[in-house]
Amino acid sequence: MITIVAFLTMVGVNELLFKAGEFVPGINWIYLPAGVRLLATLLFGLSGAVGLLLSAWCVNFWLFFPDDFSRSFLGGIIAAVASYSVYIMARRFYGLQGSLVNLTAGKLLICIVVYSLASPLMHHVWFHLRDPVGHDWSGFWVMAVGDFLGSVVVFYTLKLALHLWMPPQAARTLPHQ
C-alpha cells in the first residue's frame, strides 16, 4: 500500500511540475515516479514490484493511455519488471539487504543508471515489436534522461528530508589508549 500511495502521489507531483516539459504522453524529461519505482523495489522487493504494477495500471488505464489497452497493460508490466530486475541485480552483485544499509552512494548510482537504461530499453523494444515501421527510437533517450533525473531528485530529496528529520547521531569517539 505504501508503494501505491507513494507512486500515485509522485505521478501527481510530476504532472503538476513537469507536464509542460513532456516529450510525448508517458515520456518526460524528468520523471519523478521512476525514483519511487526503484526505491520501492530496492526496499520491498517483490511486494514493491507488485505495488508498482497495480499503481502503473491505474495510471496507465485512467490517465496516460485510457484508449490503448495493450500499452496500458504491458507498459505496467514492463515498468514493474524493469525495476524488479535492478533489485535482483543489486541482491546478487551487492548482497543488498532490506534496510539498504550496505547500498553505498556509488552502488546506488549504478542502480539508478542501470534502471534508467533498462526501463526505456524494455519499453522501446516492446514499442518496436508492436509497430516496427512507426516506432521512433528518439523517445528512448528522453525516457532514460527522465528516469535518471527523476530518480536522482527522489533519492536526494529523501536523503535531505531524512537528514533534516532525523536527530544527529551522537559523535562517536575512540577510547583513549
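Residues numbered from 1 in each chain as written. Predicted model: local features only at pLDDT ≥ 70, side-chain atom pairs only at ≥ 80, totals over all residues. Heavy atoms only, no water.

Student: A description of the overall build of the chain should follow, citing residues and the corresponding values.
Tutor: Helix and strand content of the chain: six helices and two strands. Ordered by position from the N terminus, the helices and strands of the chain form the series α-β-β-α-α-α-α-α. A compact globule built from 177 residues should have a C-alpha radius of gyration of about 16 Å, and the chain, at 18 Å, falls within 12% of that. Oriented by its inertia axes, the alpha-carbon framework of the chain measures out at about 75 × 35 × 30 Å. Put simply, the chain has 177 residues, and 43% of those count as buried. (Helix = DSSP H or I, 4+ residues; strand = E, 2+ residues; numbered from the N terminus. Rg over C-alpha atoms; globule rule 2.2 N^0.38 Å. Buried < 20%, exposed > 50% of the residue type's maximum accessible area, 1.4 Å probe, protein only.)

Student: Quick rundown of the nonpolar core? Include the residues and the values.
Tutor: Within the largest apolar cluster, 30 residues are counted, with the highest numbers of intra-cluster contacts made by F7, L38, L42, L96, L103, C111 and F155. Residue assignment for this core shows that the elements contributing at least two residues are α1 (2–18), α2 (33–44), α3 (46–64), α4 (69–94), α5 (105–130) and α6 (138–165). Ignoring sequence-local partners within four residues, the contact set of L42 consists of Y87, A90, L96, L100, L103, L108 and F155. (Core = buried A, V, L, I, M, F, W, Y, C linked by side-chain atoms within 4.5 Å. Contact = heavy atoms within 4.5 Å.)

Student: Talk me through the packing of α2 against α6; I want residue IDs and the actual numbers.
Tutor: For the pair α2 and α6, the least separation of the axes is 7 Å and the interaxial angle reads 60°. The two elements α2 and α6 meet at a crossing, and its hand is right-handed. Here A34, G35, V36, L38, L39 and L42 of α2 lie close against α6, whose contacting residues are D147, G150, S151, V154, F155 and L158. The residue makeup of the contact of α2 with α6, split by class, is eight nonpolar, three polar and one charged. (Axes fitted to C-alpha atoms, helices over the stretch in contact; angles between N-to-C directions. Left-handed = near helix turned anticlockwise from the far one by under 90°. Nonpolar A, V, L, I, M, F, W, Y, C, P; charged D, E, K, R; others polar.)

Student: Which residues make up a nonpolar patch on the surface, and what are the values?
Tutor: A cluster of nonpolar residues, F23, V24, W29, V145 and L149, forms a patch on the protein surface that exposes about 390 Å² of accessible area. Listing elements by their share of the nonpolar patch, those giving two or more residues are β1 (22–24) and α6. Following the sequence through the fold, F23 ends up in strand β1. (Patch = residues over 30% accessible without salt bridge, like charges linked within 9 Å, V, L, I, M, F, W, Y side chains within 5 Å. Areas by Shrake-Rupley, 256 points an atom, 1.4 Å probe, with all protein chains shown as cover. Salt bridge = Lys/Arg side-chain N within 4 Å of Asp/Glu carboxyl O.)

Student: Kindly report on the layout of surface pockets, identifying the contributing residues and their values.
Tutor: Empty pockets left among the atoms are what a rolling probe the size of a water molecule brings to light. The calculated volume of the largest pocket comes to roughly 630 Å³. Taken together, 19 residues make up the lining of the largest pocket; nearest its centre are L103, L108, F155, K159 and L162. Contributing elements (two or more residues each) for the lining of the largest pocket: α2, α5 and α6. Counted by class, the lining of the largest pocket contains 15 nonpolar, three polar and one charged residues. A volume near 290 Å³ is recorded for the second largest pocket. If you trace the second largest pocket, you find 14 residues lining it, with M10, V36, L39, V154 and L158 closest to the centre. Among the elements of the structure, α1, α2 and α6 are those that each provide at least two residues to the lining of the second largest pocket. (1 Å grid on protein atoms, 1.4 Å probe; cavity = no way out; pocket = protein on both sides within 12 Å on 5 of 7 lines; lining within 4 Å. Points joined across faces, edges and corners; volume = space filled by probe spheres on them.)

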